[in-house]
Amino acid sequence: MLLYALKRLLGAIPTLLLVITLAFLMVHAAPGGPFDDERVLPPETRAALEAAYNLDQPLHRQFLNYLAGVVTGDLGPSYHYRDYSVAELIGNAFPVSLQLGSMAILLAVLAGVAAGTYAALHRNTLLDRIVMGLALTGISIPVFVIAPVLVLLFAVKLQWLPAGWSGNDGAGRLILPVVSLALPQIAYIARLTRASMIDVLSSDFIRTARAQGLGTRAVIRYHALQPAMLPVLSYMGPAIAAILTGSVVVEEIFGIPGLGRFFVNGALNRDYTLVLGIVIFYAALVVLLNLLVDLLYGVIDPRIRRR
Amino acid sequence: MSRGIKVCGGILLGIVVVALLGPMLSPHSYDQVNFDAQLMAPTTSDGHLFGTDDLGRDLFVRSMLGVQVTILVAVVASIVSLVIGVVYGAIAGYAGGRVDALMMRFVDTLYALPFIFFVILLMVAFERNFLLIFVAIGAINWLDMARIVRGQTLSLREREFVEAARLMGASPARVLFRHIAPNLVGVVVVYVTLTIPQAILVESFLSFLGLGIQEPQTSLGSLVYAGVAQMEGASHMLLIPATLLATILLLFNFLGDALRDAFDARGGV
């Protein structure tokens, strides 16, 4: 198992290298420099600025410097927030996004699996159709439509929950962002669970368990749930990526000072180093979480490891 | 063909026709600012069917323009991803062996990446123009297509008619494009239908963040964003484009699902 984990970890390195190279080249292929937007600078000032940020060196030197920095966790200075380094900005903003994202994932898995199992047990009844219809709707509606509509309904019209982040303490301010992030994933996981649960429930070992007199509850809990969860587990990778993407708009809508917000502001301000740093951070996060999911898969389903 | 496919297709066609004809029939234009008619609620009296926005521009015409842009981007982006995906997948599947393994390994690697962030990076790095948006969105959606086409090609190339063509001296390119490609059409059509809503999603996501279509041009994503800012006083500005976007996405997803079910019995998610 340890060997398998190590092998997978090494396999992630080329991917990360590809990400860094691609992102770096994209930013540096851009026409214009980071100081073009400001008032016209005297040539000496400009040269001094470029020297300070190492922009006067040839591209491959800059890349090697950057790569060396990334390895040691140094993503360079931010062009826009001049007093901060990119690593500091990410370090400050990420915990907020992490809290939001992990709660959304948790909610998505719990609610999605419950709804999918329910639909599978009552397949082809009216309730199944309703749950699946809702799930298709949930998949279709993007986060940036769900979130404002929820705000309009629960914060503006009914005034049950706060709409913003700052000025509101406590758990209340988390509800709307987490629910908006989780809803599409709940829908997708419900569909996945229903399909795989129907598959599992029609297999022989379930018939045996039932024949031994086990009730539906016990059959689901002790026999069907674990194998039925495998497709859900392998969806976790894309789900994490989707929640990261969603967090960008959710943080924008609710004014949450998380990583996604910095990313969008960086993109609009053309803060190249910040955007580059966050893209690399996001990609590394997704790659590592995917790795974790794969390892978990190996724990639940030992057949995988032998391949 | 089930009734669902016809109904969905019909409604989508209807939306496209209204989106194309509506702005011509309306007395207002999409960028005509009117400070005497700001944030008007929907009314039938003076042609502002969907009301007006914060600059007094007619929301009906703007929404229809948004639908046009959104569908245009989605269709063109899907064609881009179709071309890349089919060519890549067919070559990998037909070549087989190590070439196939290597090409698919590359796809797997790309699969793990949060591609949308690269698109944003691209949008930051270069001037935002229509062409770039098309290509960028198309470039992220070809992976699924490549996988599916490869799988189909792998099984098709073992069939007798391919062998027959090869025996008669047809070159690999001719076998691939004259004999195998026509048999891929069914699968490809189904997956393009499923790619379109994804492309719509990416485009409106970018426009929502202000990184896609730029003012005074508009798309449903930018309209939703404008609506978020005004939702306390004028909720129609949020609800109308949001409903339109959700409806179009739902119809495409439903259509894709139904087409997939009609083409193969595997079903699935």
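Rules of the game
Residues numbered from 1 in each chain as written. Chains lettered and ligands numbered in written order. Predicted model: local features only at pLDDT ≥ 70, side-chain atom pairs only at ≥ 80, totals over all residues. Helix = DSSP H or I, 4+ residues; strand = E, 2+ residues; numbered from the N terminus. Buried ≥ 20, exposed ≤ 12 C-beta atoms within 10 Å, placed from the backbone. Contact = placed C-beta atoms within 7 Å. Nonpolar A, V, L, I, M, F, W, Y, C, P; charged D, E, K, R; others polar. Core = buried A, V, L, I, M, F, W, Y, C linked by C-beta atoms within 7 Å. Axes fitted to C-alpha atoms, helices over the stretch in contact; angles between N-to-C directions. Parallel < 35°, antiparallel > 145°, perpendicular 65-115°, else oblique. Left-handed = near helix turned anticlockwise from the far one by under 90°.

Caption draft 1: Quick look at the overall build of chain A. Along its length, chain A carries 12 helices and zero strands. Listed by position from the N terminus, the elements making up chain A come as α-α-α-α-α-α-α-α-α-α-α-α. With the principal axes as the frame, chain A shows a C-alpha extent of 85 × 55 × 30 Å. Put simply, chain A has 307 residues, and 38% of those count as buried. Pairs at least 24 apart in sequence give 73% of the contacts found in chain A among residues at least 6 apart.

Caption draft 2: Representation of the interface of chain A and chain B within the structure. Contact with chain A, which involves 42 residues of that partner, is made by 37 residues of chain B. For the side of chain A that touches chain B, the secondary structure elements donating two or more residues are α1 (2–28), α5 (126–140), α6 (143–157), α7 (172–201), α10 (230–254), α11 (259–269) and α12 (272–300) of chain A. A per-class count over the side of chain A that touches chain B returns 33 nonpolar, six polar and three charged.

Caption draft 3: Focus on the nonpolar core. The biggest cluster of nonpolar side chains holds 168 residues, and the ones touching the most others in it are Val279(A), Val119(B), Leu121(B) and Val224(B). Of all the elements, helix α2 (residues 59–95) of chain B adds the most residues to this core, at 18 residues. Excluding residues that lie within four positions of it along the chain, Val279(A) makes contacts with Ala23(A), Phe117(B), Phe118(B) and Leu121(B).

Caption draft 4: Geometry of helix α4 (residues 115–125) of chain B. Of all 11 residues that make up α4(B), 11 are buried, and the element is covered over most of its length. If you check which residues of α4(B) are buried, you get Phe115(B), Ile116(B), Phe117(B), Phe118(B), Val119(B), Ile120(B), Leu121(B), Leu122(B), Met123(B), Val124(B) and Ala125(B). Summarising the contacts, the buried residues of α4(B) are in contact with α1, α10, α11 and α12 of chain A together with α5 (130–140) and α9 (185–208) of chain B.

Caption draft 5: Looking closely at the packing of helix α3 (residues 97–111) of chain B against helix α6 (residues 142–156) of chain B. Residues and elements named next belong to chain B. Where α3 meets α6, the axes come as close as 10 Å, and the angle between the chain directions of the two elements is 150 degrees. Of the possible angle classes, the one that applies to α3 and α6 is roughly antiparallel. Every pair of crossing elements has a handedness; the one defined by α3 and α6 is left-handed. Counted together, Met104, Val107, Leu110 and Tyr111 of α3 and Leu143, Ala146, Arg147 and Arg150 of α6 form the full contact between these two elements. Considered class by class, the residues forming the contact of α3 with α6 number six nonpolar, no polar and two charged.

Caption draft 6: Representation of the packing of helix α4 (residues 86–121) of chain A against α5(A) in the model. Residue and element names in this part refer to chain A. Between α4 and α5, the least distance of the axes is 8 Å, while the angle of their chain directions is 145 degrees. In this structure, α4 crosses over α5, and the sense of that crossing is left-handed. Judged by residue contacts, Ala115, Tyr118 and Ala119 of α4 engage Asp128, Val131 and Met132 from α5. Among the residues forming the contact of α4 with α5, the class breakdown is five nonpolar, no polar and one charged.

Shape is all these values report; function is a separate question.
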